[in-house]
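# Secondary and tertiary structure notes
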Amino acid sequence: MKPLLIATTNPAKLAEYRLLLRRFELEPVSLAALGITEAPAETGATFAENALLKARFYFKRAAMPTLADDGGLEVDALGGAPGVRSHRWVGDEMADDQVLVDELIRRMKGVEQAQRTARIRAAIALLYDDCGKTIERIAEAAIEGVIAERAYPRVRPGFPYRAVLFLPERGCYLGELGEEEEARLSQRRRALAGLGGDLERIAADGQ
């Protein structure tokens with residue numbers, strides 16, 4: 001299988017990409033495996049801008065096909081917050097998963113059901129070389145739901161907001177789904193579908 005750098009330090013996210021990329025015959029490679037410890041400042045105003053910023057940063061250093069994403073929770077009643085600050089919503093540093101869950105439940109207290117609409121969005125940027133030319137692709141997707149009044153009791157490490165996003169059409173929290181079912185439903189899977197042709201080309205060309 002051909003290597004593809006997954007530019008994340010989140011073990012749970014890397015594991016999810018391993019599931020999602022199986023059909024493309026690509027082997028996810030971690031930053032740790034390449035000994036890359038640097039990280040860019042995520043200064044973008046949107047998920048797509050941050051994803052592309054990260055993909056460019058790591059593509060330059062790894063000199064291999066690179067996939068980077070950015071994403072988070074958008075709550076309509078909070079004006080789209082936490083948005084691009086989803087993991088730094090309660091301060092300048094990365095917050096503990098449970099702290100983020102508790103803060104969201106607190107801020108949404110008393111909000112009527114009809115106003116609790118929200119989504120978990122992901123933007124994926126893919127960079128690779130094609131005959132000496134750098135190709136850049138971006139795709140986005142989201143899972144729609146509502147913010148529950150109470151959080152699901154088990155918070156999956158690295159994915160705090162899956163414990164608060166309730167899926168009315170399924171009658172369950174996103175975080176209740178098993179790992180395989182989450183991967184089938186996930187916003188990353190939907191976004192990757194938009195990059196399928198490029199991923200197949202990387203695998204076929206041996207980039």
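Whatever comes next refers back to the structure up there.
Presented here is a report on the structure given in the accompanying data block. Predicted model only: the values in this text are computed from it and were never measured.

Assigned secondary structure in the protein chain consists of six helices and seven strands. Its helices and strands in sequence order give the protein chain the pattern β-α-β-α-β-α-β-β-β-β-α-α-α, from N to C terminus. Its C-alpha atoms give the protein chain a radius of gyration of 17 Å, within 12% of the compact-globule value 17 Å for 207 residues. Principal axes of the C-alpha set define a box for the protein chain whose edges measure 55 × 35 × 25 Å. Looking at the protein chain residue by residue over its 207 residues, the buried ones come to 51%. For the protein chain, long-range pairs separated by at least 24 residues make up 63% of all intrachain contacts whose partners lie at least 6 apart in sequence. Counting 29 positive and 32 negative side-chain charges, the protein chain places the averaged centre of each group 1 Å from the other.

If you look at soluble globular proteins, the nonpolar side chains tend to sit buried side by side. Of all hydrophobic cores here, the largest spans 24 residues; its most connected members are Leu73, Leu104, Ile147, Tyr161, Leu165 and Leu174. Within the residue set of this core, elements represented by two or more residues are β3 (66-75), α3 (97-107), β4 (117-130), β5 (133-147), β6 (165-167) and β7 (172-173). Other than its neighbours up to four places away in sequence, Tyr161 contacts Leu73, Pro82, Ser86, Trp89, Leu100, Leu104 and Ile120. If you look at the next biggest cluster of nonpolar residues, it comprises 23 residues, including Ile6, Tyr17, Ala183 and Leu192.

Most of the time, phi is negative for any residue but glycine, and the peptide bond is trans. Note that the residue after Ala81, namely Pro82, is joined by a cis bond; omega there is 0°. A positive phi angle is found at Glu25, which is not glycine, with a value near 55°. Tracing the backbone through its elements, the reader meets Glu25 in the loop between α1 (11-20) and β2 (26-30). Despite not being glycine, Cys131 has its phi angle at roughly 55°, a positive value. Relative to the assigned elements, Cys131 resides in the loop between β4 and β5.

What follows covers the sheet that holds β5. The strand order β2-β1-β3-β4-β5-β6-β7 describes an open sheet built from seven strands, whose pairing is mixed. In the strand order of this sheet, the two ends are held by β2 and β7, each with one partner. The sheet contact formed by β3 and β4 spans 10 bridges and is antiparallel. Paired with Val75 across the two strands is Ala118, which belongs to β4. Running over the sheet, helix α6 (residues 196-205) touches β1 (2-6), β2, β4 and β5 and is turned about 35° from β4.

Once that is clear, we can look at the environment of Phe159. Position of Phe159 relative to the elements: it lies in the loop between β5 and β6. According to the relative accessible area criterion, Phe159 is buried, its value standing at 6%. Here the alpha-carbon distance between Phe159 and Asp205, two residues 46 residues apart in the chain, equals 34 Å. What Phe159 contacts, discounting residues up to four positions off in sequence, is Ala12, Lys13, Glu16, Asp97 and Arg188.

Attention now moves to α1. Counting buried positions along α1 yields seven of 10 residues, so the element is predominantly enclosed. When we look at burial in α1, the residues that qualify are Ala12, Lys13, Leu14, Glu16, Tyr17, Leu19 and Leu20. Packing partners of the buried residues in α1 comprise β1, β2, β3, β4, α4 (179-185) and α5 (187-193). For α1, the capping residue at the N-terminal end is Asn10, with a side-chain oxygen 2.9 Å from the backbone nitrogen of Ala12.

So, on to α6. The periodicity of an α-helix, 3.6 residues per turn, causes residues three or four positions apart to be oriented the same way. Of the residues making up α6, those classed as buried are Gly196, Asp198, Leu199, Ile202 and Ala203. Summarising the axial view, the buried residues of α6 lie within an arc of 170°, below the 170-degree limit, and thus occupy one face. Residues of α6 that are exposed and point over 90 degrees away from its buried face: Gly197 and Ala204. The inward-facing, buried residues of α6 abut β1, β2, β4, β5 and α5.

Definitions and limits used
- Within any chain, residue numbers begin from 1 and follow the written order of that chain's sequence.
- Only residues with pLDDT of at least 70 are given local features in this predicted model, and only at 80 or more are side-chain atom pairs given and counted; all residues enter the totals for whole chains, interfaces and linings.
- To get the side-chain values, take all heavy atoms of the structure and skip hydrogens and water.
- Here a helix means four or more residues in a row that DSSP labels H or I, a strand means two or more in a row labelled E, and each is numbered from the N terminus.
- We compute the radius of gyration from the C-alpha atoms alone; for a globule the expected value is 2.2 Å times N to the 0.38, where N is the number of residues.
- The buried label goes to any residue with under 20% of its type's maximum accessible area, the exposed label to any with over 50%, and the partly exposed label to all in between, with areas taken from a 1.4 Å probe on protein chains only.
- Any pair of residues with heavy atoms lying within 4.5 Å of one another is described as a contacting pair.
- Only four residue types enter the tally: Lys and Arg on the positive side, Asp and Glu on the negative side, with His and both chain ends excluded.
- The atom standing in for a charge is NZ when the residue is Lys, CZ when it is Arg, CG when it is Asp and CD when it is Glu.
- The definition of a nonpolar core used throughout is a set of buried Ala, Val, Leu, Ile, Met, Phe, Trp, Tyr and Cys residues joined through side-chain atoms within 4.5 Å.
- Strands were regarded as paired on the criterion that DSSP finds at least two bridges between them.
- All axes here are fitted lines through C-alpha atoms, helices being fitted over the stretch that makes contact, and every angle between N-to-C directions spans 0 to 180 degrees.
- Nitrogen and oxygen atoms within 3.5 Å of one another constitute a polar contact, given that in protein one can donate a hydrogen and the other can accept it, and given that sequence-neighbouring residues count only through two side-chain atoms.
- Taken from the helix axis, the directions to the C-beta atoms give the arc we talk about.

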